[in-house]
Every structure is written in structure tokens, then in C-alpha cells.
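Chain and residue survey
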Amino acid sequence: MHELSLMTNLLDDAVSAANGGPVCALRVRVGPLSGVVVEALRFAFEALAPGTAAEGARLDIEETAPSFHCPRCGADYSTPVGSYECPSCGSPGGELRGGHELELISIEVPDHV
Ligand SMILES: [Zn+2]
């Protein structure tokens, strides 16, 4: 299950971004073509977070739509999975430009009082 090693990296990033302090929440962006199973990623988080600074943290997952670039009119657009037509000119042949991402977008740390 490669989500375990992916989550290990995401946790490392989050913990070092928090400078060793506790982490309340992690926000992760997952593209539809990344091959990552969101449920497996959540499971990996539950398995790996205890004992780290992110123990008990919330995991927010943002799933993105694939993005395309139209070679005919130059538009950049996103469509639901299964539909590739350019909304500007109707060209069916958009080039896939995104959707493989798996990245840590942000973390939340506790407010210091
Ligand atoms: Zn177009």
C-alpha cells in the first residue's frame, strides 16, 4: 500500500513546517490521476500520526478536478472526469495538464496564548 509511504512524507513535511510544535490539522490536495486512494490515505494517517506532533490532528483532503489546456484556442479549463471538451471553443482534444498532484497545502497549529 503505497499510501503509507506517501503519508510518511506528508507527515514529515507537516511536522517540520510546524518547527517541532503540535499540528492541529493538515490539508492535503489529491489529484484524480494521482493513483492515491483517499480512504487508504486516511487509514495511513490514522496509523502513522500517533507518536508524532500530528497525533490527533484533523486530516482535510481536497480532491481536485483534472485540468486541461486547449491547443486550438489556448483556454485552460477543468472538467468533470469523463468529459474533455473545451468550454470555450468546443474542441474535444484538450491536453491534460494536471491531476497527478499529491501535496501538503497547509497545516494548522494551535494558537499561542
Ligand atoms: Zn478551446
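Anything mentioned here points back to the structure above.
Residues numbered from 1 in each chain as written. Predicted model: local features only at pLDDT ≥ 70, side-chain atom pairs only at ≥ 80, totals over all residues.

Examining the environment of Pro-110
Note the threshold: Comment: elements are numbered from the N terminus, with helices defined as DSSP H or I runs of at least four residues and strands as E runs of at least two. Contacts are defined on C-beta atoms placed from the backbone: any two residues whose C-beta positions lie within 7 Å are in contact.
Within the secondary structure layout, Pro-110 lies in the segment after β6 (102-108). Spatially, the C-alpha atoms of Pro-110 and Ala-25 are 9.3 Å apart, while their sequence positions differ by 85 residues. Each residue touching Pro-110, except ones within four places of it in the same chain, is listed here: Pro-22 and Cys-24.

A short note on the sheet that holds β6
How we decide: Any two strands are treated as partners once DSSP identifies two or more bridges connecting them. Axis lines are fitted to C-alpha atoms, over the contacting stretch for helices. Their N-to-C directions set the angle, which ranges from 0 to 180 degrees.
Across the sheet, three strands lie side by side as β2-β1-β6; this open sheet has mixed pairing. In this open sheet, the two strands that pair with only one neighbour each are β2 (58-63) and β6. Pairs of neighbouring strands in the sheet enclose a mean axial angle of 20°, with direction left out of account. Relative to β6, strand β1 (residues 25-30) runs antiparallel, the two being bridged by six bridges. Looking at the pairing, Val-30 lines up with Leu-102 of β6. In the packing of helix α1 (residues 3-17) onto the sheet, the strands contacted are β1 and β6, and the crossing angle to β6 comes to about 35°.

Quick look at the sheet that holds strand β5 (residues 95-96)
Two pairing modes exist for strands in a sheet, parallel and antiparallel, and in both the strands are linked by backbone hydrogen bonds. Strand order across the open sheet formed by three strands is β4-β3-β5, with antiparallel pairing between neighbours. Both outer strands of the open sheet, β4 (76-78) and β5, are each paired with one neighbouring strand and no more.

Brief notes about helix α2 (residues 38-48)
An α-helical turn contains 3.6 residues, so a residue and the one three or four places further along point in the same direction. Note the following rule: The burial criterion counts other C-beta atoms lying within 10 Å of a residue's C-beta, which is placed from the backbone; the residue is buried at 20 or more, exposed at 12 or fewer, and partly exposed between these limits. Each direction from the helix axis to a C-beta atom contributes to the arc, which is the arc of those directions.
Taken as a whole, α2 has its buried residues at Leu-41, Ala-44 and Phe-45. Within α2, the buried residues cover an arc of 100° as seen down the axis, which keeps them to one side. Summarising the geometry of α2, the exposed residues directed more than 90 degrees from the buried face are Glu-39, Glu-46 and Ala-47. On its buried face, α2 is in contact with α1 and β2.

Details of the packing of α1 against α2
Basically, it comes down to this: Here is the rule for angles: anything less than 35 degrees is roughly parallel, anything more than 145 is roughly antiparallel, 65 through 115 is roughly perpendicular, and the remaining ranges are oblique. The sense of a crossing depends on the near helix, which, turned anticlockwise from the far helix by less than a right angle, makes the crossing left-handed and, turned clockwise, makes it right-handed.
Close contact between α1 and α2 brings their axes to 9 Å; oriented N to C, the two are set at 60°. Classified by the interaxial angle, the pair formed by α1 and α2 is oblique. Considering the relative orientation of α1 and α2, their crossing is right-handed. Contacts between α1 and α2 pair Glu-3, Leu-4, Met-7, Thr-8 and Leu-11 from the former with Ala-40, Leu-41, Ala-44, Phe-45 and Leu-48 from the latter.

Describing the environment of Phe-68
Mapped onto the elements, Phe-68 comes out in strand β3 (residues 67-69). C-beta crowding within 10 Å serves as the criterion here: with 24 such atoms nearby, Phe-68 is assigned to the buried category. Apart from the residues lying within four places of it in its own chain, the contact partners of Phe-68 are Tyr-77, Thr-79, Tyr-84, Gly-94, Glu-95, Leu-96 and Arg-97.

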